[in-house]
Amino acid sequence: MRINRLKKVIKVFLIILAILLIIVIAIVGCALITYHKQPVLTKEDKEELSVDNIWKTRTEPEMAEVIEDNGDALLERIKLISNARDEIILPTFDFRADDSGKLILGALLDASERGVSVNVIVDGVSGFLRMNGNPYFEALAAGEGTSIKIYNKVNPFAPWKSMGRLHDKYLIADRSSYIIGGRNTFSYFLGSSSPYKNYDRDALVYCENPDENSSVNDILSYFGKVWNYKESKAFINGVNAITDTDTYFTISENNSLDSSRITDKKNKLASKKKVAAAREELHSLYADYCADNADNGIYKGLGESVYKDMFKDAYEVNNVALMSNPIEYSSKKPYVWYQLVELMKKADSRVKLHTPYIICNDYMYEGLKSVCDSVDDVSLMTNSVANNGNPFGSADYYVNKNRILGTGIDVWEYEGGYSYHGKSVLIDDNISVIGSFNIDMRSAYLDTELMLVIDSKDINRE
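We now turn to the structure provided with this report. (Residues numbered from 1 in each chain as written. Predicted model: local features only at pLDDT ≥ 70, side-chain atom pairs only at ≥ 80, totals over all residues. Heavy atoms only, no water.)

### Topic: the environment of Met451
Link 1 in the chain: Of note, Met451 is situated in strand 18 (residues 450-455).
Link 2 in the chain: Owing to a relative accessible area of 1%, Met451 belongs among the buried residues under this scheme.
Link 3 in the chain: Sequence spacing of Met451 and Tyr335 is 116 residues, and the spatial spacing of their C-alpha atoms is 11 Å.
Link 4 in the chain: Setting aside residues up to four positions removed in sequence, Met451 forms contacts with Ala321, Leu322, Met323, Val336, Lys423, Val433, Ile434, Gly435, Ser436 and Phe437. (Helix = DSSP H or I, 4+ residues; strand = E, 2+ residues; numbered from the N terminus. Buried < 20%, exposed > 50% of the residue type's maximum accessible area, 1.4 Å probe, protein only. Contact = heavy atoms within 4.5 Å.)

If you want it as structure tokens, here you go:
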């Protein structure tokens, strides 16, 4: 009898194992099929994406500066959040409740409690791995004016959706100032507490009197499309804030919920013991950081005049433009890559590219070669094989280094001990491009991506 029982147990175990194996194979298979879809741009696409059309007439002066240091990157983000009076928008690929992540969470929580509208959207993988059931993110979600969404939530029963990721990384304060670049929202990229880190690069842009022609509106318009996209779902159903319909974004999940029911759900979440403890910890950590950085420009709640002081080291720029990929989770046409290539081909004398990893298909290799054929001095800096934090990037670079060199590009390998995660392009002495786009097929065909183009000799020189 025991033998028969054992056989039944083994049989059930094997059936479960087989089902799990089928699910894994289905997920991997669908992911690979999706990854190998590489849509081609039509003639009409290319006309619409012409880089001659990216520049708009700006009617108010805009200031910008470059943020290189990780400690400064954390400080400048908290400056924007701590001084916000009306609204914070934070889309990010990866958000973690580690040392620096908790400081950002504390700043956002403080902002929401003083009446600022706080709107956060995070990629589905980070939402699944870092945020689900996490009391620190639940503490922020419980804030009265807070809305948190997840882009393309992980769904094992829809594996064909698994490869499309939100790779945007930016922060907008009061529709007047923003930070955009390649940094994720945790200690590897922000602050100095982590023994492991990634170097990176951001652009900080400010307009004292923004109008309808200011560059911040280009990013707000893009954000609205992502926020309202059908696959951008509430982090915790029913606890988003009600958002005015005349703004750039709406909370479609809550159309059937009145404000009292949403408030009840938020109060219930906030009353959970772990969430209450997390909220107190976030308040304490943020208060300590503000006290320690009172001399570094953390002007908590002092109002409009502080913005001028915050941007005293910024340069007035000639113009700012935005490049973006399609926002759908499915395979995308390579909008940003096409525009980058066309912009680089217009250089008079010099192009410098900076990417953490380089993984190209034939179309992308042809793009690099066309730039080298058009411009005399074209160079690229990337991590060496040993210094690269991405094993796939290291492997592809190792195998295809000769093909990269065959395009005519002058390659420099970074060996600084820490992986360099910055993504930027310099063109001649006046154009700088900074953002989230890696020179790889994922950035070209799968992820949402943003690259900011700045016309300024001062920014280019920095």
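### Here's the deal with helix 4 (residues 99-113)
Link 1 in the chain: For helix 4, which comprises 15 residues, the first-to-last C-alpha distance of 21 Å matches the rise-based estimate of 21 Å (1.5 Å per residue) to within 8%.
Link 2 in the chain: Buried residues dominate helix 4, accounting for 13 of its 15 residues.
Link 3 in the chain: Residue Gly115 follows helix 4 closely and has a positive phi angle near 100°. (Expected span 1.5 Å × (residues − 1).)

### Some thoughts on the sheet that holds strand 1 (residues 62-67)
Link 1 in the chain: Strand order in this open sheet of nine strands is 8-4-3-2-5-6-7-1-9, and the pairing throughout is mixed. Strands at the two margins of the open sheet, each flanked by one partner only, are strand 8 (232-234) and strand 9 (315-317). When the angles between neighbouring strand axes are averaged without regard to direction, this sheet yields 20°.
Link 2 in the chain: Bridge count for strand 5 (residues 170-173) against strand 6 (residues 177-181) is four bridges, and the pairing is antiparallel. Looking at the pairing, Ile172 lines up with Tyr178 of strand 6.
Link 3 in the chain: Of the strands in this sheet, strand 2 (87-92), strand 3 (117-123) and strand 4 (146-151) touch helix 4, which is tilted by about 145° from strand 3. (Pairing = 2+ DSSP bridges. Axes fitted to C-alpha atoms, helices over the stretch in contact; angles between N-to-C directions.)

### Some points on a nonpolar patch on the surface
Link 1 in the chain: Together, Leu6, Ile10, Phe13, Leu14 and Leu17 line one region of the surface with nonpolar side chains, adding up to about 500 Å² of accessible area.
Link 2 in the chain: Positionally, Leu14 belongs in helix 1 (residues 2-35).
Link 3 in the chain: The exposure class of Leu14 is partly exposed, given its relative accessible area of 48%. (Patch = residues over 30% accessible without salt bridge, like charges linked within 9 Å, V, L, I, M, F, W, Y side chains within 5 Å. Areas by Shrake-Rupley, 256 points an atom, 1.4 Å probe, with all protein chains shown as cover. Salt bridge = Lys/Arg side-chain N within 4 Å of Asp/Glu carboxyl O.)

### Examining the pairing of strand 7 (residues 202-206)
Link 1 in the chain: Within strand 7, five of the five residues are buried, which leaves the element mostly enclosed by the surrounding structure.
Link 2 in the chain: When strand 1 meets strand 7, the two strands line up antiparallel, connected through five bridges. Bridge assignment links Glu65 to a residue of strand 7, and that residue is Leu204.
Link 3 in the chain: The sheet contact formed by strand 6 and strand 7 spans five bridges and is antiparallel. The residue of strand 7 that forms the bridge with Tyr178 is Val205.

### Comments concerning unusual backbone geometry
Link 1 in the chain: Positive phi, close to 55°, is recorded for Asn152, a residue that is not glycine.
Link 2 in the chain: Along the chain, Asn152 turns up in the loop between strand 4 and strand 5.

### A closer look at the pattern of salt bridges
Link 1 in the chain: Taken as a whole and judged by the stated rule, the model has 24 salt bridges.
Link 2 in the chain: With a closest N to O distance of 3.6 Å, Arg130 and Asp94 form a salt bridge. Placement of Arg130 in helix 5 (residues 124-131) and of Asp94 in the loop between strand 2 and helix 4 is noted, with a sequence separation of 36 residues between them.
Link 3 in the chain: Given the relative accessible area of 30%, Arg130 is considered partly exposed.
Link 4 in the chain: The residue Asp373 makes a salt bridge to Lys369 at a minimum N-O spacing of 3.1 Å.

### A few points about the sheet that holds strand 18
Link 1 in the chain: Across the sheet, which stays open at both edges, the seven strands sit in the order 10-18-16-15-11-13-14 with mixed pairing between neighbours. With one partner strand each, in any of the chains shown, strand 10 (319-324) and strand 14 (410-414) form the two edges of the open sheet. On average, each strand axis in the sheet is tilted by 15° relative to the strand beside it, whichever way the strands run.
Link 2 in the chain: Pairing geometry for strand 11 (residues 350-354) and strand 15 (residues 424-427), over four bridges, is antiparallel. Residue pairing in the sheet places Lys352 in a bridge with Leu426 of strand 15.

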